[in-house]
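Chain by chain, the residues run as shown.
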Amino acid sequence: DGATLDDLVIRDTNEVSLRVMNDHELYKLEMERIFAKTWLLLGHDTEIPKAGDFIVRDMGEDQVIVTRDRNNEIHVNLNVCPHRGMKVCTAETGNAQAHRCIYHGWAFRPDGSFIGAPVEKEKMHGNQREKSELGLKKARVRLYGGLIFATWNINGPSFDDFLGDMKFYLDQLFCRTDSGLEMLGPPQRFVLPCNWKIPGEQSGSDGFHTLTLHRSLMEGGIMGGTAESIYDNAPGMYGVDVSVPQGHSLRCLEAAQTFKMFADVSFEGKTTEERLNLLPPPGVTKDLIPQLFKNLSKEQVEQLATIPPQVGGMFPNILLAFIFAPRTDGGSSGALALHTYVPKGPDKVEFVNFIFAEKDAPEQVKRDMLQNAIQQTGTSGIIEQDDADTWPQIMRNSRGAISKTMTLKYQALHGHERPDNWYGEGLLYPGFTKDDTQWNWWLAYYDLMAEA
Ligand code: FES
């Protein structure tokens, strides 16, 4: 309707027009300028352990086949047959040494290369192009801690540039043990009637909503505080928020405070190892602790033992949730989950819930972590149900003639400030969680959308 990007993301006054959530033209541009350009999370390599294994996932509205070939290499191929545009793979997951299109039978290897068409003697693969020109379109792939990322931007920023200063923190979660993470079962998926940016923006480390929307966590004692004094006494709200210009962010919460939510034990005078033993990262059992020292720098382990990353997001559509639980025996549970919010049109999003444990953790710990993640961050979990009720109501408001003229106010912006004794880089926001990291999410959105 003639609005410019500057009318939608209003940088002078730190506002965002509610129209941004319900605009069909804008959505088309987002598919081109964000989802066809940036790195996107598709899954984990433990989902496809054997040669020929595949999963079908989405990069925005573009569907892809994620495969493992005989050389153990992972490929991401567009699920569009170059013959007449049919889906090449109609299954969601499986194992195949060749993917045959059901329309006319063209076949492709797991690496996307063209094998041939039926009726070879009549040269039905055609006489106009070499076979080498008839493969599936391939995305650029990068594995990080087993997580499969891909982008269509073949000559664009490297994955390391995409991660930026966030790597120091994310390594503590994804690259800390010798064997790494394992995904527990297929992801849970459900579709919500809202624009992808509503959960996307919240993933920019909106800790504030936890106090009110997820009040039941406080009332139940899960986040500390009491029903009477939730707003003034919620230790889980304090820490350091970290943000980077790429739009990623994390909330790092003090382990000692987090521990107090569960029991009255002090970290005072304890060594790094002793603190890790008391409140281990989710899924890190006692015998995995030495591996933390081996795979991470001294500074990374120290952070993990004192003020570890616990929740956050990666631009454009990833939520990270790491739920700590004190050790009660030799094991450790908690939960480790990632969500992606996959756009399915301007007013629909698919919520995909990936659940993890350390590959070398005992089976019982894996079972506990799966159960915890389902109970807390799953489709019927005690946390996400609150959000799944709220996001569609914001969406509904974006349709009203008057409502859509409203703006979202990012006003608790107190600026970044480096705390003492802090090892990592990035924009740092110590204290109570604020709006800065979500506003940075919108600035990253603006930058990508402004690029032609
Ligand atoms: Fe795939 Fe014709 S559309 S073989």
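Residues numbered from 1 in each chain as written. Predicted model: local features only at pLDDT ≥ 70, side-chain atom pairs only at ≥ 80, totals over all residues. Heavy atoms only, no water.

Taken N-terminus to C-terminus, the directions of helix α2 (residues 24-35) and helix α14 (residues 436-450) make an angle of 85°; their axes are 9 Å apart at the nearest point. In terms of orientation, α2 and α14 fall into the roughly perpendicular class. Of the residues in α14, those in contact with Leu26, Leu29, Glu30, Arg33 and Ile34 of α2 are Tyr445, Leu448 and Met449. Tallied by class, residues from the contact of α2 with α14 come to six nonpolar, no polar and two charged. (Axes fitted to C-alpha atoms, helices over the stretch in contact; angles between N-to-C directions. Helix = DSSP H or I, 4+ residues; strand = E, 2+ residues; numbered from the N terminus. Parallel < 35°, antiparallel > 145°, perpendicular 65-115°, else oblique. Contact = heavy atoms within 4.5 Å. Nonpolar A, V, L, I, M, F, W, Y, C, P; charged D, E, K, R; others polar.)

A few words now on the pairing of strand β19 (residues 335-343). With nine of nine residues buried, β19 lies mostly within the body of the structure. Side-chain alternation along β19 places Ala335, Ala337, His339, Tyr341 and Pro343 on one buried face and Leu336, Leu338, Thr340 and Val342 on a second face that is also buried. Here strand β18 (residues 318-323) pairs with β19 via six bridges, running antiparallel. Within β19, the residue paired with Ile323 across the bridge is Ala335. (Buried < 20%, exposed > 50% of the residue type's maximum accessible area, 1.4 Å probe, protein only. Pairing = 2+ DSSP bridges.)

For the rest of this paragraph, the subject is the sheet that holds strand β9 (residues 107-108). Pairing is antiparallel across the open sheet formed by three strands, whose spatial order is β8-β9-β10. What marks the edges here is a single partner per strand, and that holds for β8 (99-100) and β10 (114-116). In terms of strand pairing, β8 meets β9 through two bridges, oriented antiparallel. By the bridge assignment for β9, Arg100 is matched with Ala107.

What follows deals with the pairing of strand β17 (residues 309-314). Of all six residues in β17, five are buried, a share of seventy percent or more. Looking at chain direction, strand β16 (residues 249-253) and β17 are connected through four bridges and run antiparallel. By the bridge assignment for β17, Cys252 is matched with Pro309. The turn linking β17 back onto β18 is made up of three residues.

We now examine α2. With 12 residues, α2 ought to run about 16 Å at 1.5 Å a step, and its terminal C-alpha atoms sit 15 Å apart, in line with that. For α2, every residue scored as buried is listed here: Leu26, Tyr27, Glu30, Met31, Ile34 and Phe35. Along the long axis of α2, the arc covered by the buried residues comes to 150°, so they all point the same way. The inward-facing, buried residues of α2 contact α1 (5-8), β3 (40-44), α5 (197-202), β19 and α14. (Expected span 1.5 Å × (residues − 1). Arc of directions from axis to C-beta.)

Once that is clear, we can look at empty space enclosed by the protein. According to the stated counting rule, one finds two cavities of 30 Å³ or more in the structure shown. When its volume is computed, the largest cavity comes out at roughly 70 Å³. In terms of lining residues, the largest cavity is bounded by Leu41, Leu42, Arg57, Asp58, Arg189, Thr340, Val342, Glu350, Val352 and Phe354. Here the element with the most residues in the lining of the largest cavity is strand β20 (residues 349-358); it accounts for three residues. Split by residue class, the lining of the largest cavity holds five nonpolar, one polar and four charged. Each of two domains, domain 1 (40-152) and domain 2 (164-450), supplies a minimum of three residues to the lining of the largest cavity. The volume enclosed by the second largest cavity comes to roughly 40 Å³. Every residue lining the second largest cavity is listed: Phe35, Leu40, Leu41, Asp58, Met59, Gly60, Asn317, Thr340 and Val342. Elements represented by at least two residues in the lining of the second largest cavity include exactly β3, β4 (53-59) and β19. (1 Å grid on protein atoms, 1.4 Å probe; cavity = no way out; pocket = protein on both sides within 12 Å on 5 of 7 lines; lining within 4 Å. Points joined across faces, edges and corners; volume = space filled by probe spheres on them. Domains from an automatic or database assignment.)

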